[in-house]
Amino acid sequence: DYALGTARELLLSREDMLNIEYAAMFHDIGKLALPDRLLNKVEDLTDEEWARMRRHTITGYVLLKDIPFLREAARLVLYHHERYDGLGYPEGLKGEDIPLGARIVAVADAYAYMTTGHAYQEALSRGEAMAELSIYEKTQFCPLAVKALKDYLNHRLPGS
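Residues numbered from 1 in each chain as written. Predicted model: local features only at pLDDT ≥ 70, side-chain atom pairs only at ≥ 80, totals over all residues. Heavy atoms only, no water.

Draft legend 1. Structural detail: the packing of helix 8 (residues 126–135) against helix 9 (residues 143–156). For the pair helix 8 and helix 9, the least separation of the axes is 10 Å and the interaxial angle reads 165 degrees. When the axes of helix 8 and helix 9 are compared, the pair comes out roughly antiparallel. For the crossing formed where helix 8 meets helix 9, the hand is left-handed. Residue-level inspection shows Arg126, Met130, Leu133 and Ser134 of helix 8 in contact with helix 9, the latter providing Val146, Leu149, Lys150, Leu153 and Asn154. For the contact of helix 8 with helix 9, the class distribution of residues is 5 nonpolar, 2 polar and 2 charged. (Axes fitted to C-alpha atoms, helices over the stretch in contact; angles between N-to-C directions. Helix = DSSP H or I, 4+ residues; strand = E, 2+ residues; numbered from the N terminus. Parallel < 35°, antiparallel > 145°, perpendicular 65-115°, else oblique. Left-handed = near helix turned anticlockwise from the far one by under 90°. Contact = heavy atoms within 4.5 Å. Nonpolar A, V, L, I, M, F, W, Y, C, P; charged D, E, K, R; others polar.)

Structure (C-alpha cells):
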C-alpha cells in the first residue's frame, strides 16, 4: 500500500504502478535462499554474513527475471537496496541512476519496517518514522520518494 500510494502521488503510469506493486510484494523474495539462523540472528552479522545477506537482491532478481510479466519488477527488486548517495548494493548506483520504482520500494519498505514492532525494537509512530526518513533524504533515500510517501500518508490519514 505504501509503495502504491507513493507511486500514485507521483502520477506514475498504470504499468509503472503495476511493476512497483509486484516489486513491493517480492522485494525480499531472495531471502528465501538464506538460512533462518541468519535471518533471525539478534547479534551483529559478521562481514561474511552481511555479504550473504546482500546477495538476496541478486537472488530475487534471478528468480523473477525470466517471468515475462515480472521482468521490470525484477529490476526493481535488484536495486531496492541502492542508496541515493551511491553507497548501496548490489551495484552502487546513485541518485537518478536508480530506477524510480526501486527508490519508491526502498522508502516504503523502510517506513513499513519502522512502523512495525519487532522483538528488539518498538514500532515508531508515523511522525517519528517520517522524521527518520527525512534525516536520511539525499543520503540513503530519494527525496522525491520521501515527499511522495509523506503526501500519500497525509491524504490517507490526515492529522494522524
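So that's the structure; there's more coming.
Draft legend 2. Region of interest: helix 8. The set of residues buried in helix 8 consists of Arg126, Ala129, Met130 and Leu133. Along the axis of helix 8, the buried residues cluster in a sector spanning 95 degrees; they form a single face. In this structure, the buried residues of helix 8 make contact with helix 7 (100–114) and helix 9. (Buried < 20%, exposed > 50% of the residue type's maximum accessible area, 1.4 Å probe, protein only. Arc of directions from axis to C-beta.)

Draft legend 3. The pattern of salt bridges, seen in detail. The full count for this structure, using the stated rule, is 7 salt bridges. Among the salt bridges present, the one from Lys65 reaches Asp66, with a minimum N-O distance of 3.2 Å. Given the relative accessible area of 57%, Asp66 is considered exposed. Between Arg75 and Glu72 there is a salt bridge, with the nearest N and O atoms lying 2.7 Å from each other. Of this pair, Arg75 and Glu72 both sit in helix 6 (residues 71–79), 3 residues apart, which is roughly one turn of the helix. (Salt bridge = Lys/Arg side-chain N within 4 Å of Asp/Glu carboxyl O.)

Draft legend 4. Quick peek at helix 1 (residues 2–9). Those residues of helix 1 lying buried are Ala3, Leu4, Gly5, Thr6 and Ala7. Against helix 2 (14–26), helix 7 and helix 9 lie the buried residues of helix 1. Leu11 occupies a position one or two residues after helix 1 and carries a positive phi of about 55 degrees.

Draft legend 5. Quick peek at unusual backbone geometry. Here the amide bond leading from Tyr89 into Pro90 is cis, since omega sits at 15 degrees, within 30 degrees of zero. Among the structural elements, Pro90 can be located in the loop between helix 6 and helix 7. Of note in this structure, Leu11 is not a glycine but carries a positive phi near 55 degrees. Checked against the element boundaries, Leu11 lands in the loop between helix 1 and helix 2. Phi angles above zero are rare outside glycine, and Lys138 is one such case at about 75 degrees. Summarising the element assignment, Lys138 is placed in the loop between helix 8 and helix 9. Judged by its relative accessible area of 59%, Lys138 falls in the exposed class.

Draft legend 6. Local environment of the nonpolar core. Residues Ile20, Ile104, Val107, Tyr111, Met130, Leu133 and Leu149 are the most contacted members of the largest nonpolar core, which totals 37 residues. Among the elements of the structure, helix 1, helix 2, helix 6, helix 7, helix 8 and helix 9 are those that each provide at least two residues to this core. At 8 residues, helix 7 tops the list of elements feeding residues into this core. Residues in contact with Leu149, not counting those within four places in the same chain, are Tyr2, Thr6, Val107, Tyr111, Met130 and Leu133. (Core = buried A, V, L, I, M, F, W, Y, C linked by side-chain atoms within 4.5 Å.)

Draft legend 7. Geometry of the environment of Tyr61. Tracing the chain through its elements places Tyr61 in helix 5 (residues 56–64). Sequence separation of Tyr61 and Ala106 is 45 residues, and the distance between their C-alpha atoms is 15 Å. Among all residues touching Tyr61, those that are not within four sequence positions of it are Ala74, Arg75, Val77 and Leu78.

Just geometry here; none of it tells us what the structure is for.
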